[in-house]
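The residues making up each chain are set out below.
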Amino acid sequence: MASGPAGILARYRRFREHPYTARFLSIIGEVLPKGLYARALLIIITPIVVLEGVIAFAFMERHWQAVTRRLSEATARDIAAVIYVYKDLPKTGDAQKIIELARDRLSLKMEVLPPGELPPPGPKPFFRLLDRALSNELRKHVQLPFWIDTVGAQNVEIRVKLDDAILRFVATRSQTYASNSHIFLLWMVGSSVILLTVAILFLRNQIRPILRLADAAEDFGKGRSIPEDFRPRGAREVRQAALAFLQMRDRIKQHVEQRTTMLAGVSHDLRTVLTRFKLELAMLDDTPETRSLSADVDEMQHMLEDYLAFAKGDGGEEAKPTNLAELLEEIVDDASIYASTIDLKIRKSKGDIVLPLKRQALKRAITNLVTNAARFGEHIIIRVAPEGQWVRIEVDDDGPGIPERERDNVFRPFYRLDHARNQDEGNSGLGLAIARDIAKSHGGEIALGESSMGGLRAIISLPQ
């Protein structure tokens, strides 16, 4: 068997890969908190709690019980001595001297009661340390029937049964019990609470910059503007991460702006050429050849706009609060030119569905889905439903649909199916690719499935 670090690592790997170990670790992973702040608090609190538990156990075991047992033993010996003296008194003797002796020398209040039966056992205290220790010592040193009451706040009552009397003793709790030991526990717990409070306050200040950085990165990933007051803060490593994020954001924005400017110039030049083609065709006679050329020019312009829209992306549009229902109603109105029937169904919620959206970009994405559905189906249903932290937009049609094995491929740019849908030669193969890019720029996703009408279902999920 291998020894050294390599052997230890191999044994540790086998231990981790064991089914029971893997199951236990998975359960622990599910129970433990997921947030950085909660985990950091757990890292701080757990050692303190364990340390205090060990100290408290050692204190209770070694000090508190030992002191209580010694005090109870001393009280039991004093009571045994008083009983011994009382038994040796002449029958005609006066017990008052013994009562005074117990009071003045032993700090015990003594009373001689008539003979009879001891009271029934009373309720036991929650912490039975004193009750158990004192009972053991009385049983050992007195060796007579006795009854004790340790529930009192200040005193402890003890009754011992003799043949001709019952001796009643009252001792203070400090005589039989280490009553001031709890001060140590209070100091330990109090100081730990103060230290934990200070640690939590400092930890919160250290975690806040990380949370702000995570929120800024999430907003930027969803196409939203980050807070204006965001700047590198916190520890050196957190500042470096925030500074790297800001530099990355600036580079991405600069790249998008440069690409947008270049595409705007290309678009202007190409559209100028296409416009010149249209003017030249308009000056020619109306013949089948000129109509065919005009259709080719229109198709070229449509494809050019699709290419530019795909390359341009969202065009740097800022996300703003948008009423989703109003946007969808506008899309349905614009799509009324198609022969297909379009129904809009919005699940009722507490209020209007208002999301931070790039309005024109999302309108183009949903319009692409509706146009694609109208090309192949006669009936279209648009459904909107909030689901937890997401909003689900479904576009169903009754067309031929897309085979399941091809549903991922159709999102690739310029990909066209050889059958069913996408047989139209005027299709550029960019509609779904543009829709997916726009959905991802909002922090969402788009997926395809089978509609309830047997056709295609396109699902856009957007975060609220």
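These numbers come from a predicted model, not from an experiment.

## A short note on empty space enclosed by the protein
Line of reasoning, step 1. If you walk through the whole model with that rule in mind, you get 2 cavities of 30 Å³ or more.
Line of reasoning, step 2. Roughly 40 Å³ of internal volume is contained in the second largest cavity.
Line of reasoning, step 3. Pro 209, Arg 212, Leu 213, Phe 230, Arg 231, Arg 233, Val 238 and Ala 242 are the residues that line the second largest cavity.
Line of reasoning, step 4. Its residues assigned to classes, the lining of the second largest cavity shows 5 nonpolar, no polar and 3 charged.

## Focus: helix α4 (residues 96-105)
Line of reasoning, step 1. Every buried residue belonging to α4 is among Ile 98, Ile 99 and Ala 102, and all of these are buried. Projected down its long axis, α4 carries its buried residues within an arc of 105°, all on one side. Summarising the geometry of α4, the exposed residues directed more than 90 degrees from the buried face are Lys 97, Asp 104 and Arg 105.

## Quick look at the sheet that holds strand β2 (residues 146-149)
Line of reasoning, step 1. Sheet architecture is open: 4 strands sit in the order β1-β4-β3-β2, paired in antiparallel fashion. The open sheet is flanked by β1 (109-113) and β2, the only strands paired with a single partner. Strand after strand, the sheet turns through a mean of 15° between neighbouring axes, direction not considered.
Line of reasoning, step 2. As defined by bridge partners, β1 adjoins strand β4 (residues 166-172) across 5 bridges and the pair is classed as antiparallel. Bridge pairing links Lys 109 to Val 170 in β4.

## A few points about the confidence of the model for the protein
Line of reasoning, step 1. Mean pLDDT for the protein: 79, with 86% of residues reaching 70 or above.
Line of reasoning, step 2. Confidence over residues 419-426 falls short of pLDDT 50; this stretch has 25 contacts with residues more than four positions distant or in other chains.

## Some thoughts on the pattern of salt bridges
Line of reasoning, step 1. Per the counting criterion, the structure on display carries 17 salt bridges.
Line of reasoning, step 2. Here Glu 111 ties to Arg 168 by a salt bridge, and the two come within 3.2 Å at their closest N and O atoms. Of this pair, Glu 111 sits in strand β1 while Arg 168 sits in strand β4; the two residues are 57 residues apart in sequence, bridging distant segments of the chain.
Line of reasoning, step 3. The class for Glu 111 is partly exposed, based on a relative accessible area of 36%.

## So, the packing of aromatic side chains
Describing an aromatic ring pair means giving the distance of the ring centres and the angle of the ring planes.
Line of reasoning, step 1. Overall, the coordinates contain 2 aromatic pairs when judged by the stated rule.
Line of reasoning, step 2. Aromatic pair Phe 220 and Phe 245: ring centres 6.0 Å apart, planes at 85°, arrangement edge-to-face. Here Phe 220, found in helix α7 (residues 182-221), pairs with Phe 245, found in helix α8 (residues 236-282); they are 25 residues apart in sequence, far enough to count as distant.
Line of reasoning, step 3. Between Phe 230 and Phe 245, the aromatic rings sit 6.1 Å apart at their centres with planes inclined by 85°, giving edge-to-face as the arrangement. Of the two residues, Phe 230 sits in the loop between α7 and α8 while Phe 245 sits in helix α8, which places them 15 residues apart along the sequence.
Line of reasoning, step 4. Under the relative-accessibility criterion, Phe 245 is labelled buried at 7%.
Line of reasoning, step 5. In textbook terms, an aromatic cluster arises when at least three aromatic residues are bridged by ring pairs, as seen for Phe 220, Phe 230 and Phe 245.
Line of reasoning, step 6. Positioned above the aromatic ring of Phe 411 is the side chain of Arg 436, whose terminal nitrogen or guanidinium carbon lies 3.9 Å from the ring centre.

Conventions adopted
- Residues numbered from 1 in each chain as written.
- Predicted model: local features only at pLDDT ≥ 70, side-chain atom pairs only at ≥ 80, totals over all residues.
- Heavy atoms only, no water.
- 1 Å grid on protein atoms, 1.4 Å probe; cavity = no way out; pocket = protein on both sides within 12 Å on 5 of 7 lines; lining within 4 Å.
- Points joined across faces, edges and corners; volume = space filled by probe spheres on them.
- Nonpolar A, V, L, I, M, F, W, Y, C, P; charged D, E, K, R; others polar.
- Buried < 20%, exposed > 50% of the residue type's maximum accessible area, 1.4 Å probe, protein only.
- Helix = DSSP H or I, 4+ residues; strand = E, 2+ residues; numbered from the N terminus.
- Arc of directions from axis to C-beta.
- Pairing = 2+ DSSP bridges.
- Axes fitted to C-alpha atoms, helices over the stretch in contact; angles between N-to-C directions.
- pLDDT = per-residue confidence, 0-100.
- Contact = heavy atoms within 4.5 Å.
- Salt bridge = Lys/Arg side-chain N within 4 Å of Asp/Glu carboxyl O.
- Phe/Tyr/Trp six-rings, centres within 6.5 Å; stacked < 30°, edge-to-face > 60°.
- Lys NZ or Arg CZ within 6 Å of the ring centre and 35° of its normal.

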